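# What the coordinates show
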Amino acid sequence: MNEHKVNIHALRAMKQRGEKLVALTAYDFFTAKIMDEVGVHLILVGDSVGMAVLGYENTLPVTMEEMIHHTKAVARAKPNALVVADLPFMSYASVRTALENAGRLIQAGAEAVKVEGGESIAEQVRALVASGIPVLGHIGLLPQSILETGGYKIQGRTPQSAEGVLRDAQVLEKAGVFAMVIEGTVTRVAEQVTKSAAVPTIGIGAGAHCDGQILVSNDMLGLFTWFTPKHVKRYANLSEEMRKAFAAYKRDVETGKFPGAAQSFQ
Ligand code: KIV
């Protein structure tokens, strides 16, 4: 038994103790290993893999097969962090598909699944929880709904929108989620949800009052440089480091500096 392994009960206890929950996305074995070395509590194999790694324009084209592939890679790192995998677009449109696809992610090594939405998916959340699959909710700005909402719009700015976020949070908590991501939502609404929910809230673009924070790792590492959303703080500029390294290698090969004696066999 590994006493450092994070489970859903540990995350809830952290909220009760007022401890901040640290979450990041990962899509591969090595990144998950490094995150685990620094003690990240929750690793999300997000469908953001579509944009961060696979070159899609948004998360809508991400398939179950792609999610399974990346979930397996992260799970092989056997992190102490709780491994959560996203159910991609349309993979939980009915209770039957939600159960079937969540089961596939759990068999790939996820320890919980994440779904976007509130009232509209409450039935699916209840069925998943009843089947023993922990569910992380996701409310506020919902990237899987951009066609319906007309883009990435910050939520909670109007009374109607704020009410919608608060209602979704209540419905999800009642349906049994162990925590919920609040994305792209004005600070005071996220704070209100956090104060009224017994389960932890994990913010991304939802201000400082959430119980925890999550970022897309490629964004915070400066790997995705074409666009930096307002909510992202860049902790590194890895794309610049990579550019420098690739250019130096090209130069060395072209000028005969690589390989040198140290990299050659006699
Ligand atoms: O897919 C993802 O990475 C996410 C995070 C933005 C929370 O859903």
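Values in this document were obtained by computation on a predicted structure and should not be read as measured data. (Residues numbered from 1 in each chain as written. Predicted model: local features only at pLDDT ≥ 70, side-chain atom pairs only at ≥ 80, totals over all residues. Heavy atoms only, no water.)

### Quick notes on the side chain of Lys-15
- Among the secondary structure elements, Lys-15 is positioned in helix 1 (residues 8-17).
- Given the relative accessible area of 16%, Lys-15 is considered buried.
- A polar side-chain atom of Lys-15 sits 3.2 Å from the main-chain carbonyl oxygen of Val-199.
- Sequence-distant contacts of Lys-15, that is, excluding residues within four places in its chain, are made with Thr-194, Ala-197, Ala-198, Val-199, Pro-200 and Asp-211. (Helix = DSSP H or I, 4+ residues; strand = E, 2+ residues; numbered from the N terminus. Buried < 20%, exposed > 50% of the residue type's maximum accessible area, 1.4 Å probe, protein only. Polar contact = N/O pair within 3.5 Å; in protein donor to acceptor, adjacent residues only side chain to side chain. Contact = heavy atoms within 4.5 Å.)

### Digging into the sheet that holds strand 3 (residues 82-86)
- Ordered in space as 1-2-3-4-5-6-7-8, the eight strands form a closed barrel in which the pairing is parallel. On average, each strand axis in the sheet is inclined to that of its neighbour by 25 degrees, with strand direction left out of account.
- Across four bridges, the pairing between strand 2 (residues 42-45) and strand 3 is parallel. Bridge pairing in strand 3 places Leu-42 opposite Leu-82. (Pairing = 2+ DSSP bridges. Axes fitted to C-alpha atoms, helices over the stretch in contact; angles between N-to-C directions.)

### Side note on the nonpolar core
- Counting 54 residues, the largest nonpolar core has Leu-87 and Leu-105 as its most contacted members.
- For this core, the element with the highest residue contribution is helix 8 (residues 159-175), accounting for six residues.
- Excluding anything up to four places from it in sequence, Leu-105 contacts Met-64, Met-67, Ile-68, Thr-71, Ala-85, Asp-86, Leu-87, Ala-110 and Val-113.
- Counting residues in hydrophobic clusters, the runner-up holds 17 residues, among them Met-14, Val-84, Ala-179 and Ile-202. (Core = buried A, V, L, I, M, F, W, Y, C linked by side-chain atoms within 4.5 Å.)

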